[in-house]
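# Breakdown of the fold
Residue-level listing of the chains:
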Amino acid sequence: MLDQDLWQNILDQLEFKIAESSFKTWFTNTLLVEVNNDSLTIKVPNKFTSEYLNKNYSELVSEVTDSIYKKKYEIRFIHNLPYQNEDNPKKAFMEQNPDIRLNQKYTFADFVVGKSNNFAHSAALAVAESPGTTYNPLFLYGESGMGKTHLMQAIGHYVHGSTNKYNIFYITTEQFTNMMIESIRTNTTQQFRNKFRNIDLLLVDDIHFLSKKEGSQEEFFHTFNALYENKKQIVITSDRPPKEIGDLEKRLITRFEWGLLADLKNPDFETRVAILKKKAATENILLTDEVIEFISDNVSSNIRALEGSLIRILAYSSYNNMNPENIDIPIIQDILSDIITVKAQEITMDTVFQKVCKYYNITPSQMLDKSRKHIFAFPRQVAMYLSDLLIPNISLKDIAAYYRRNDHTTAIHAKKMIEKKFHEDNNFRIQIEQLIKEIKGLIQ
């Protein structure tokens, strides 16, 4: 039997198991390029497709091979032929150092620098060039999808590229916690401690998940101290600065602030354009400048959403047998209809006032009432705080006057009180974030 017949038989069975649109999108342009005793290697058009298929369909295809040939092959989808990767230093690095756990794509060369992340990028590069002596620890924070993990792992790639002597380890906080629990269960706690306290470069992702985990916090505290005292580099990421992580021990907060805190903000328009152009070029996806600028202007929530838009465009063009370069704005609007950012409305004092009244279910007259009853006073303080936060070039005096208070000290008190509660109460923080989205017109 010819190899391609083998693959065609698999495709024939697979077509009955998944939706027609999915089959046409992902399996139309596939080619079997290698067969051995245990695995099949399938070539696909580009890296986006290979990553998607490996993640979502490799197990299903393996089950199909079992049903046809009574053998469960391991399925590998690739976008380059095997011999094309032999001289790829990133690939060689990962094959030779599987315990480092770094993503091949997360290097400094692949990171797009803009105003929103320039400081964090510079700090990360400084740490990579002199680990353990500059900015230790380095604490990178920002909302999801801003590039924190990319920068963190770029440090790992850079350090390893400079010297093979460093013991580098990347781990998420959840994995750290699970490993600690497993070590307790199996009575291997000392081995666990030895593993983490003999690392030269420790990269810990999503440290905010230590919140409320007293045992994990205790263990991480001692791990941190051991590494720090031996001048080993620690890099940490979080979705917020240390002081805003709820239920985190003060001694950990203090240590996280010993080094440098660097935030990554939402990329501006120019940076989003640069990111899209770089990603599209890497994946050989040709898009017009008009389309790239439209996406950059309308998909602004985070970098992952930008990258996701390219995957959708790729899927659409593959399914419709269409050159991406021929896709125009109306088609893009249809493809990305559910992720295009709603333009934020202009925020005024009236906007804040009305949204807060509605949220706390009180009337405008109750909001402005002189009463100090908590049910009325608290929403008023929230409204004052949000007015100061969201409206540029407005004074606390103006805010106090709007809410019919005698002087601006009332607004100052409201701001301090709400800020304190925001930092201490996680549920309240979620409420405020929800309110902000409503005020900005991002949700109804």
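Anything mentioned here points back to the structure above.
The text that follows walks through the structure, step by step, so that each part is easy to find. Think of each chain on its own: its residues are numbered from 1, step by step along the sequence as written. This being a predicted model, a pLDDT of at least 70 is required before a residue's local features are given, and a value of 80 or more before pairs of side-chain atoms are given or counted; all residues contribute to the totals for chains, interfaces and linings. Only heavy atoms go into the side-chain values, all of them from the structure, while hydrogens and water stay out.

A pair of strands is considered paired only if DSSP assigns at least 2 bridges between the two. A run of H or I in DSSP counts as a helix once it spans at least four residues, and a run of E counts as a strand once it spans at least two, with each numbered from the N terminus. Here 5 strands make up an open sheet; going across it, the order is 5-6-7-4-8 and the pairing parallel. A single partner strand is all that each edge strand has here, and the edge strands are strand 5 (168–172) and strand 8 (260–263). Here the average twist between neighbouring strands, direction ignored, is 15°. Relative to strand 7 (residues 233–238), strand 4 (residues 138–141) is paired through 4 bridges, and the arrangement is parallel. Bridge pairing in strand 7 links Leu140 to Thr237. Its contacts with the sheet put helix 10 (residues 214–229) on strand 6 (201–205) and strand 7, and the angle it makes with strand 7 is roughly 140°. Lines fitted to C-alpha atoms define the axes, with helix axes restricted to the stretch in contact, and inter-axis angles between N-to-C directions lie between 0 and 180 degrees. By definition in these notes, contact holds between two residues if any of their heavy atoms fall within 4.5 Å.

The definition of a nonpolar core used throughout is a set of buried Ala, Val, Leu, Ile, Met, Phe, Trp, Tyr and Cys residues joined through side-chain atoms within 4.5 Å. Exposure categories follow from relative accessible area, calculated using a 1.4 Å probe and restricted to protein chains: below 20% of the type maximum is buried, above 50% is exposed, and the middle band is partly exposed. Within the largest apolar cluster, 31 residues are counted, with the highest numbers of intra-cluster contacts made by Val352, Met367, Val382, Leu386, Tyr403 and Ile432. The set of elements that each furnish at least two residues to this core consists of helix 16 (349–360), helix 17 (364–368), helix 18 (374–390), helix 19 (396–402), helix 20 (409–424) and helix 21 (426–439). Here this core gets 8 residues from one element, more than from any other, and that element is helix 18. Those residues within four positions of Tyr403 in sequence are excluded, and the remaining contacts are Met349, Val352, Phe353, Met367, Leu368, Arg380, Ala383, Met384 and Ser387.

Taking 1.5 Å per residue, 12 residues should reach 16 Å; helix 6 (residues 118–129) reaches 17 Å between its end C-alpha atoms and fits that length. If you check which residues of helix 6 are buried, you get Ala120, His121, Ala123, Ala124, Val127 and Ala128. One side of helix 6 carries all its buried residues, which in axial view fall inside an arc of 165°. Any helix carries an expected span of 1.5 Å times its number of residues minus one. By definition, the arc is the one covered by directions from the helix axis to the C-beta atoms.

Glancing now at the pairing of strand 1 (residues 31–35). Alignment of strand 1 against strand 2 (residues 39–43), held across 4 bridges, turns out to be antiparallel. Considered in strand 2, the bridge of Leu32 is made with Ile42. Where strand 1 folds back onto strand 2 in an antiparallel hairpin, the turn is made up of 3 residues.

Functional significance is not addressed by these values, which are geometric in nature.
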